[in-house]
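# Observations on the three-dimensional arrangement
What follows is the residue order along each chain.
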Amino acid sequence: MIDTKFWQEVKDRWFLEASVQTTEVLEESLQTAKVLEEPSQAEKVFAEPPKPVRPHLNTEAFDAYLEKGTIPAYVEAGRLLLPCELPAKMEEIYRELIERMPVLQETMKKFEDVYHADVDEFSEYYIPEALNLTAAYLEYRDIGVGERVMEETEREILQAAGKLLNAVNDKIEEIYKFASIEVKAKAKALDAMMSQDGYVDEKYRM
């Protein structure tokens, strides 16, 4: 199980540092704007071409999916993150989460009659919190928060997202395990009842 305290510490520490960095970036931008002079015609001609702009997250659609609070909606929210040029490892983890979360949903539904999996922490906290942290990371990256803070934040989000992926896989295995135990128990009970009535051949006895 993922430690809720871990998530909160990551969130609190990162937002505190990022807020300071954001303030510094904005102040530096304002000071720079005051001292800059109108570029000469020659400077305009020989100026470097503008750098390509990263795709921005569709925050309206992203927030709408999060508000639904369902695993299928979280999958779609995760898909919106992929075009935003996530760091390679972070993108890899999210692609796996997008693949595995529907498996969790399908497994829960398939075996709901024999085992009820508790996934409230996933749907109410772990998954939306990981998505929100990643969206905030993209926002701070776009406004130019300091490199040191971004590197630390990237490592923390990778750690949190990795734990989430492991937890999703563990929950799927848990459902399979207990569903299998339940099926075997019912099969043995059926075998015992039919044996009492003389209907089971010895070679099929469990």
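Anyway, here's the lowdown on the structure attached to this text.

Thresholds, definitions, all that
- Numbers given for residues are sequential positions, taken from 1 along each chain in its written order.
- The predicted origin of the model limits local features to residues at a pLDDT of at least 70 and limits the giving and counting of side-chain atom pairs to 80 or more, whereas totals for whole chains, interfaces and linings rest on all residues.
- By convention in this description, side-chain values take in all heavy atoms of the structure and omit both hydrogens and water.
- Numbering of helices and strands runs from the N terminus, with a helix taken as a DSSP run of H or I at least four residues long and a strand as a DSSP run of E at least two residues long.
- Three exposure classes are used, based on accessible area relative to the maximum for each residue type with a 1.4 Å probe and protein chains only: buried under 20%, partly exposed in between, and exposed over 50%.
- Computed with the Shrake-Rupley method and a 1.4 Å probe, the accessible areas treat only the protein chains shown as cover for residues.
- Aromatic pairs are defined between Phe, Tyr and Trp rings, using the six-membered ring for Trp, whenever the two ring centres lie within 6.5 Å; interplanar angles under 30 degrees are classed as stacked, those over 60 as edge-to-face, and all others as tilted.
- Throughout, a contact is declared for two residues whenever any of their heavy atoms are within 4.5 Å.
- Side-chain atoms within 4.5 Å link the members of a nonpolar core, which is a set of buried Ala, Val, Leu, Ile, Met, Phe, Trp, Tyr and Cys residues.
- Here the expected length of a helix is defined as 1.5 Å per residue gap, with one fewer gap than residues.
- A pairing counts as a salt bridge when a side-chain nitrogen of Lys or Arg comes within 4 Å of a carboxyl oxygen of Asp or Glu.

Further remarks concern the overall build of the protein chain. Helix and strand counts for the protein chain come out as seven helices and zero strands. Mapped in sequence order, the helices and strands of the protein chain form the string α-α-α-α-α-α-α. Residue burial in the protein chain is summarised as follows: out of 206 residues, 35% are buried. Of the accessible surface of the protein chain, which amounts to about 13600 Å², a share of 53% is contributed by carbon and sulfur atoms.

What follows concerns the packing of aromatic side chains. All chains considered together, the criterion is met by four aromatic pairs. A centroid spacing of 5.8 Å and a plane angle of 80° characterise the contact between Phe-111 and Tyr-176, whose relative ring orientation is edge-to-face. Residue Phe-111 is located in the loop between α5 (88–110) and α6 (120–143), and its partner Tyr-176 is located in helix α7 (residues 147–196); the two are separated by 65 residues in the primary sequence. On the basis of relative accessible area, Tyr-176 is assigned to the partly exposed category, the value being 37%. On the basis of an interplanar angle of 10° and a centroid distance of 5.0 Å, the ring pair of Tyr-115 and Phe-178 is categorised as stacked. Placement of the pair is Tyr-115 in the loop between α5 and α6 and Phe-178 in helix α7, with a sequence separation of 63 residues. Judged by relative accessible area, Phe-178 falls into the partly exposed class, the value being 36%. Three or more aromatic residues link up through ring pairs in this structure, and these residues are Phe-122, Tyr-125 and Tyr-126.

Here we come to the side chain of Ser-123. Residue position: Ser-123 is located in helix α6. Setting aside chain neighbours within four positions, we find Ser-123 in contact with Gly-69, Tyr-74 and Pro-128.

This part takes up the nonpolar core. With 45 residues, the main nonpolar core has Phe-62, Leu-81, Tyr-94, Leu-97, Phe-122, Leu-131 and Leu-164 as its most contacted residues. Within the residue set of this core, elements represented by two or more residues are α3 (59–68), α4 (71–81), α5, α6 and α7. When residues of this core are assigned to their parent elements, the largest contribution, 12 residues, is made by α7. Discounting residues that sit within four places of it in the chain, Phe-122 has contacts with Ile-127, Pro-128, Leu-164, Ala-167, Val-168 and Lys-171.

Because each turn of an α-helix spans 3.6 residues, side chains separated by three or four positions end up pointing in the same direction. Its 23 residues place the ends of α5 34 Å apart at the C-alpha level, agreeing with the 33 Å of an ideal helix rising 1.5 Å per residue. Along α5, the residues classified as buried are Met-90, Ile-93, Tyr-94, Leu-97, Ile-98, Met-101, Leu-104 and Thr-107.

Moving on, we get to the pattern of salt bridges. Tallied over the full model, the rule gives six salt bridges. Its salt-bridge partner being Glu-174, residue Lys-171 comes within 3.3 Å of it at the nearest N-O pair. Pair noted here: Lys-171 and Glu-174 are both in helix α7, with a separation of three residues, about one helical turn. Judged by its relative accessible area of 24%, Glu-174 falls in the partly exposed class.

A few words now on unusual backbone geometry. Of note in the backbone geometry, Glu-85 takes a positive phi value of approximately 55° without being a glycine. Assignment of secondary structure puts Glu-85 in the loop between α4 and α5. In this structure Glu-85 comes out as partly exposed when scored by relative accessible area, which is 44%.

Take it as geometry only, folks, not as evidence of what the structure does.
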